[in-house]
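Below, each chain spelled out in residue letters.
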Amino acid sequence: MSKELIEELNTQVATWSVLYTKLHNYHWYVKGPQFFTLHAKFEELYNEATLHMDEIAERILTLGGRPVATMTGHLEQSVVKEAEGDESANEMVRQLADDFDKVMQSLKKGMELAAKAGDDMTEDILNATYQSIEKHQWMLHAFLGEENR
């Protein structure tokens with residue numbers, strides 16, 4: 001078991017927890033002409049966040065580690081910040097796109113650490129998560145009228 005890998009996996013658990021709450025905030029408070037589209041999308045994303053968080057936390061347990069499991073810990077270890085609470089619909093999408101950039105960087109780091117440790121199973125989990133986020137990233141940028149970076 002790589003201590004550095006467990007630490008990066010815990011960053012993912014913490015980040016998905018914060019995103020779960022942030023996406024609920026966005027789901028409940030989005031307003032404007034894109035309400036129906038974004039309301040449904042944010043719900044899809046917070047449901048997916050739960051799955052990612054649980055799968056990665058269970059992988060940590062399988063590896064003999066301890067997943068971070070407190071709100072304080074999640075806020076401290078997350079690579080994203082919680083919602084401000086007054087974002088416009090476009091600001092919500094922009095912030096989420098920026099957050100997903102940070103999540104993808106953490107996932108890449110985790111994949112590199114898993115590869116270094118010879119842990120193909122963890123690398124596969126993180127790669128599948130990365131691919132899902134990459135697709136969402138493309139859609140968020142399309143919504144904003146941008147090319148995917």
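Residues numbered from 1 in each chain as written. Predicted model: local features only at pLDDT ≥ 70, side-chain atom pairs only at ≥ 80, totals over all residues. Heavy atoms only, no water.

Here we come to the packing of aromatic side chains. Scanning the entire structure with this criterion turns up 4 aromatic pairs. Centre to centre, the rings of Tyr20 and Tyr46 are 6.0 Å apart; their planes meet at 80 degrees, and the pair counts as edge-to-face. With a gap of 26 residues between them, Tyr20 in helix α1 (residues 3-29) and Tyr46 in helix α2 (residues 35-62) connect regions that are remote in the sequence. Its relative accessible area of 31% is what places Tyr20 among the partly exposed residues. Centre to centre, the rings of Tyr26 and Phe42 are 5.5 Å apart; their planes meet at 55 degrees, and the pair counts as tilted. (Phe/Tyr/Trp six-rings, centres within 6.5 Å; stacked < 30°, edge-to-face > 60°. Helix = DSSP H or I, 4+ residues; strand = E, 2+ residues; numbered from the N terminus. Buried < 20%, exposed > 50% of the residue type's maximum accessible area, 1.4 Å probe, protein only.)

In the contact formed by α2 and helix α5 (residues 120-143), the axes pass within 11 Å of each other and the chain directions differ by 165 degrees. Accordingly, the angle class assigned to the pair α2 and α5 is roughly antiparallel. Helix-helix and strand crossings are classified by hand; for α2 and α5 the assignment is left-handed. Packed against α2, whose contacting residues are Leu38, Lys41, Glu44, Leu45, Glu48, His52, Glu55, Ile56 and Arg59, the element α5 presents Met121, Thr122, Ile125, Leu126, Thr129, Ser132, Ile133, His136, Met139 and Phe143 at the interface. A breakdown of the residues in the contact of α2 with α5 according to their chemical character gives 9 nonpolar, 5 polar and 5 charged. (Axes fitted to C-alpha atoms, helices over the stretch in contact; angles between N-to-C directions. Parallel < 35°, antiparallel > 145°, perpendicular 65-115°, else oblique. Left-handed = near helix turned anticlockwise from the far one by under 90°. Contact = heavy atoms within 4.5 Å. Nonpolar A, V, L, I, M, F, W, Y, C, P; charged D, E, K, R; others polar.)

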